[in-house]
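Structural overview
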Amino acid sequence: MKQLYHVLGAKQFEKEELEQLFDAARAMEKVVARGGDRRHEGRIMTSLFFEASTRTRLSFESAMHRIGGGVIGTENAAQFSSAIKGETLEDTIRIISGYSDIIVMRHTDIGAAKRAAKVSDIPVINAGDGAGEHPTQALLDAYTIRKEFGKIDGLKIAMVGDLAYGRTVHSLSYILANYQDVMVYYISPDNVRIPDNVKKYMDEKGIRYQETNDLDSVVGTIDVLYQTRIQKERFPSVEEYEKASGQYIVDAELMDRMRKDAIVLHPLPRAGEITEEVDSDPRAAYFRQAVNGLYIRMALIDKCITESQGK
Ligand code: CP
């Protein structure tokens, strides 16, 4: 059976591979500047999204076009694929495997990408699986940090907001676990704390972290403030959501207390947790971060297709 290179979770990446991927993303920046290339002409990517997306879906689709490939897919697979008629995810994937060369999938269920990969004849990229993981977001986050600081080792990174349902912080923790002397602050309301399985992984990897709900105590010392949205759609009740919402707002006053060389990241979309007055501050790196998603995803598609062919 053909061996495939999938991107299913952030734990699969080790430092050497990360650095190669970041070099490839840097090269893709040059490809885009030249107007793209045709290296994957004739190849087709299926973009299968069971949950809403702006950045992930469109940057993946743009990425495939910029390296010469075509794109098919659906942006509302729950409604507009045969899932609504009761088709299983496994059958959907088996069918798509016959029509295309790579699948990028976002799904509501934790573990859905792994289920898809088990039955797929082509590489699968996890574009977010419920409250589980979002590995390609974490890769672009780490790429952004490396670009902004020239390194990741030794940085102090505060992840703020919904650390339970926000899948990006789980994946980013797993990526950061590859770097030396990183310090992670998990800052959240009590009902959306970082899950135990993420902390266990950080313990196993010997990564320093601290859990707190006091952003003020660290804001003047950190290099990266990674703000997140409270994931309203994943809460069991409105009451639980309201307990978590509105507690951490990045505004001009908070920026005044941050270091001059610190940056603010956010996977986006935002829902009020970074005020628009912050956008013009050069330390607001979240729109640069979103653009980096294009380069990382070009590199990932290229790697998945190339490495799966070669085996
Ligand atoms: N960051 C992110 O995953 O954004 P979208 O939901 O718009 O894809």
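Along each chain, residue indices are assigned from 1 in the same order as the chain's sequence is written. Local features in a predicted model are, by the rule used here, given only for residues with pLDDT of at least 70; side-chain atom pairs are given and counted only at 80 or more, and totals for whole chains, interfaces and linings are based on all residues. Only hydrogens and water are removed before side-chain values are computed, so all heavy atoms of the structure are retained for them.

As recorded in an unreviewed UniProt entry, the protein goes by the name Aspartate carbamoyltransferase, listed as coming from Cohnella silvisoli. One UniProt comment on the protein, placed under Subunit (unreviewed entry), says "Heterododecamer (2C3:3R2) of six catalytic PyrB chains organized as two trimers (C3), and six regulatory PyrI chains organized as three dimers (R2)." Under the Sequence similarities (unreviewed entry) heading, UniProt states for the protein: "Belongs to the aspartate/ornithine carbamoyltransferase superfamily. ATCase family." UniProt positions are given in the numbering used here, feature names are shortened, and annotations may be inferred rather than shown by experiment.

1. Side note on the overall build of the protein
Put simply, DSSP marks the helices as runs of H or I at least four residues long and the strands as runs of E at least two long, and each gets a number from the N terminus on. Within the protein one finds 11 helices and 9 strands. The principal-axis extent of the C-alpha atoms belonging to the protein is close to 55 × 45 × 40 Å. Relative accessibility thresholds used throughout: buried, under 20% of the residue-type maximum; exposed, over 50%; partly exposed, between the two (1.4 Å probe, protein chains only). Burial statistics for the protein: of 311 residues in total, 57% are counted as buried. Put simply, of all contacts in the protein between residues at least 6 apart along the chain, 75% involve residues at least 24 apart. Here, two residues are considered to be in contact whenever any of their heavy atoms come within 4.5 Å of each other.

2. Re the UniProt feature "binding site: carbamoyl phosphate" (unreviewed entry) in the protein
Cross-referencing UniProt, the feature "binding site: carbamoyl phosphate" (unreviewed entry) maps to R55, T56, R106, H134, Q137, L268 and P269 in the present numbering. By the secondary structure assignment, T56 is in helix α2 (residues 55-66). Classification of T56 by relative accessible area gives buried; the value is 3%. By the secondary structure assignment, Q137 is in helix α6 (residues 135-149).

3. Some remarks on the side chain of S81
When you line up the elements, S81 lands in the loop between α3 (77-80) and α4 (89-97). Within the structure, S81 has its side chain in polar contact with the backbone oxygen of A77 (distance 2.5 Å). Discounting residues that sit within four places of it in the chain, S81 has contacts with F50 and N76. Here a polar contact means two N or O atoms within 3.5 Å. Within protein one must be a hydrogen donor candidate and the other an acceptor candidate, and residues neighboring in sequence count only if both atoms are side-chain atoms.

4. Focus: the side chain of E51
Here E51 shows up in the loop between β1 (44-49) and α2. At 3.1 Å, the side chain of E51 forms a polar contact with the side chain of R167. Among the polar contacts listed, one links the side chain of E51 to the side chain of R234, at a separation of 3.0 Å.

5. Section: the site of the ligand
Around the ligand, the neighbouring residues are S53, T54, R55, T56, R106, H134, Q137, P267 and L268. Between the ligand and the protein, one listed contact pairs an oxygen atom with a side-chain N or O atom of S53 at 2.6 Å. P267 is positioned with one of its backbone polar atoms (N or O) 2.8 Å from a nitrogen atom of the ligand. Under the convention adopted here, Pro, Cys and the residues Ala, Val, Leu, Ile, Met, Phe, Trp and Tyr are nonpolar, Asp, Glu, Lys and Arg are charged, and Gly plus all remaining residues are polar. Class assignment for the residues of the shell around the ligand results in 2 nonpolar, 5 polar and 2 charged. Definition of nearness: a residue and a molecule or strand are near each other if at least one heavy atom of the residue lies within 4 Å of the molecule or strand.

6. A word on the UniProt feature "binding site: L-aspartate" (unreviewed entry) in the protein
Mapped onto this numbering, the UniProt entry annotates "binding site: L-aspartate" (unreviewed entry) at K85, R167 and R229. These residues run over 145 residues, and the two farthest C-alpha atoms among them are 32.7 Å apart, placing them at more than one spot. For K85, the position within the fold is in the loop between α3 and α4. For K85, a relative accessible area of 70% corresponds to the exposed category. Counting through the fold element by element, R167 comes out in helix α7 (residues 167-176).

7. A short note on the pattern of salt bridges
Salt bridges are counted wherever a side-chain nitrogen of Lys or Arg sits within 4 Å of a carboxyl oxygen of Asp or Glu. Inspection of the entire model under this criterion finds 30 salt bridges. Between R39 and D37 there is a salt bridge, and its shortest N-O distance comes to 2.7 Å. Judged by relative accessible area, which is 17%, D37 ranks as buried. Put simply, D101 and R43 hold a salt bridge, and the shortest N to O gap is 3.4 Å. In this pair, D101 is assigned in the loop between α4 and β3 (102-107) and R43 in the loop between α1 (15-33) and β1, connecting sequence segments 58 residues apart. Taken together, the shared-partner salt bridges in this structure form one network comprising R193, D196, K199 and E211.

8. A short note on the pairing of strand β2 (residues 70-74)
Of the pairings in the sheet, the one linking β1 to β2 comprises 5 bridges and is parallel in character. The residue bridging M45 from the neighbouring strand is V71, located in β2. Throughout, right-handed denotes a crossover for which the path from the first strand over the helix to the second runs clockwise when the strands point away from the viewer. Considered for its hand, the β-α-β crossover made up of β1, α2 and β2 is right-handed. At least two bridges found by DSSP between two strands are what make those strands a pair.

9. Regarding the pairing of β3
β3 sits mainly inside the fold: 6 of its 6 residues count as buried. Both faces of β3 are covered, namely the face carrying I102, V104 and R106 and the face carrying I103, M105 and H107. For β1 and β3, the ladder comprises 5 bridges, and the chain directions are parallel. Among the inter-strand pairings, M45 is bridged to a residue of β3, identified as I102. Two elements, β3 and strand β4 (residues 124-129), share 4 bridges in a ladder whose sense is parallel. Bridging across to β4, M105 finds its partner in N126.

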